Amino acid sequence: MLNKITVVGAGNVGATAAQRVAEKELARTVVMVDVVEGVPQGKGLDQWQSAPIEGFDSRVVGSNGYEESADSEIVIITAGIARKPGMSRDDLLNTNAGIVKQVAEQVKKTSPNAIIIVVSNPLDVMCYVAKQVTGFPRERVIGMAGVLDTARYRAFLAEALDVSVRDIQAMVLGGHGDTMVPLISYTSVSGIPITQLMDRAKLDAIVDRTRNGGAEIVKHLKTGSAYYAPSSGAVQMAEAIAHDQKRILPCSAWLEGEYGLKGLFLGVPCKLGRNGLEKIIEVDLTVEERAALEKSAEAVREPMRAVKL
Ligand SMILES: NC(=O)c1ccc[n+]([C@@H]2O[C@H](COP(=O)([O-])OP(=O)(O)OC[C@H]3O[C@@H](n4cnc5c(N)ncnc54)[C@H](O)[C@@H]3O)[C@@H](O)[C@H]2O)c1
């Protein structure tokens, strides 16, 4: 068990993530930080009071400052505003960049050795903001998007095939946006290539639904966006790090030439362990997948240039 994990932002994603971290006992103390007075304190106390029933010993506390979060080993950043219906992730750009900048400055000051998992949108650009502001090496600034996008893809495939979600292996790469790249060539069901189990038209429809997975939920909810699966995604990454699992998960990572790309965050297969991002794995891509990844990179570069730091 780690000593301390902090979740910044005690909204839908942050509070759900804090509860999941505590239930998994990933750290002795879980600190929730938010700017709204009383909210992190109230939610933290409420979560801690579920401990005797759920049977966990992680202590959850809430705060409006960063003193209590000092020397966290992992910091999950979920602060920001969420998408409203009709709003793209990039509409959120400058508001959330300002918020993530302020959070990153505090994290750098109070938890200089932390591994940061960024969740705030637009994801790949917010990772860039966090990395620029903290000056942390790429091993310690990682974005959560691919795990969520892959989970959505796996859930849709399991439903369509009427098989266990556990048996679906898949990988969604690229930016967290409409240009994400679900890798059909690496999608299998217990080792059986997906193309042997499903016709191409059905598969394409699922890929399309995955691309719009976030928007589908925003449309239902009307006020706010998804948070159960997003918090699961962030906590799976935190768990891989806390328990040094060396899991291979699709995460947004700072590229330094991998896949022929550099100087941006993009979703790629990553090995996560106690040192954070321990390795980026380069897999062979089809001509179409490579073209889609490059298009996705361009969709990340554009807002990256526009962001004011
Ligand atoms: N990467 C992904 O796959 C993914 C998935 C879902 C949501 N998100 C993003 O995560 C973010 C949070 O979503 P949510 O649904 O929890 O939103 P939310 O509105 O429920 O919560 C956001 C919280 O951040 C807090 N906050 C604002 N400014 C802050 C600051 N400077 N310091 C600390 N806290 C601050 C707010 O008070 C609020 O409680 C959004 O940007 C959303 O787009 C990303």
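Scroll up to find the structure.
Attention here is on the structure that accompanies the text.

Rules of the game
- Residues numbered from 1 in each chain as written.
- Predicted model: local features only at pLDDT ≥ 70, side-chain atom pairs only at ≥ 80, totals over all residues.
- Heavy atoms only, no water.
- Helix = DSSP H or I, 4+ residues; strand = E, 2+ residues; numbered from the N terminus.
- Rg over C-alpha atoms; globule rule 2.2 N^0.38 Å.
- Buried < 20%, exposed > 50% of the residue type's maximum accessible area, 1.4 Å probe, protein only.
- Contact = heavy atoms within 4.5 Å.
- Areas by Shrake-Rupley, 256 points an atom, 1.4 Å probe, with all protein chains shown as cover.
- Near = heavy atom within 4 Å.
- Polar contact = N/O pair within 3.5 Å; in protein donor to acceptor, adjacent residues only side chain to side chain.
- Nonpolar A, V, L, I, M, F, W, Y, C, P; charged D, E, K, R; others polar.
- Expected span 1.5 Å × (residues − 1).

In this section: the overall build of the chain. Across its full length, the chain holds 10 helices and 14 strands. Against the 2.2 N^0.38 benchmark of 19 Å for 309 residues, the chain shows a C-alpha radius of gyration of 19 Å, consistent with a compact globule. Referenced to the eigenvectors of the C-alpha coordinate spread, the extents of the chain come out at roughly 55 × 45 × 40 Å. Within the chain, buried positions represent 54% of all 309 residues. Sequence-distant contacts in the chain: of pairs separated by 6 or more residues, those separated by 24 or more amount to 69%. Element-wise, carbon and sulfur atoms account for 49% of the exposed surface of the chain, whose accessible area totals about 13400 Å².

Looking now at the site of the ligand. Around the ligand there are 28 residues in total, and Asn12, Val13, Asp34, Val119 and Met144 lie nearest to it. For the ligand, an oxygen atom lies 2.7 Å from a polar atom in the backbone of Val13. Measuring from an oxygen atom of the ligand, one finds a backbone N or O atom of Gly80 at 3.4 Å. Coverage of the ligand by the protein chains reaches 87% of its 860 Å² of free accessible surface. Contributing elements (two or more residues each) for the shell around the ligand: helix H1 (12-23) and helix H4 (93-110). Among the elements that take part in the shell around the ligand, H4 stands out by supplying 4 residues, more than any other. Taken together, the residues that form the shell around the ligand break down as 17 nonpolar, 10 polar and 1 charged.

With respect to the element layout, Glu258 can be found in the loop between strand S12 (247-256) and strand S13 (262-273). For Glu258, a relative accessible area of 11% puts it in the buried group. Within the structure, Glu258 has its side chain in polar contact with the side chain of Arg138 (distance 3.0 Å). Apart from residues lying up to four places away in sequence, Glu258 is in contact with Arg138, Ile280 and Glu282.

The next point concerns the environment of Leu261. Tracing the sequence through the fold places Leu261 in the loop between S12 and S13. Along the primary structure Leu261 and Arg301 are separated by 40 residues, whereas in three dimensions their C-alpha atoms are 11 Å apart. When sequence neighbours within four positions are dropped, the list of residues in contact with Leu261 reads Leu255, Glu256, Leu266, Leu293, Glu294, Ala297 and Arg301.

Bringing helix H6 (residues 146-161) into the picture now. The end-to-end C-alpha separation of H6 is 22 Å, in line with the 22 Å expected for 16 residues at 1.5 Å each. Within the span of H6, buried status applies to Gly146, Val147, Leu148, Asp149, Thr150, Arg152, Tyr153, Phe156, Leu157 and Ala158. Remark: Asp162 follows H6 within two positions and exhibits a positive phi of approximately 55 degrees.

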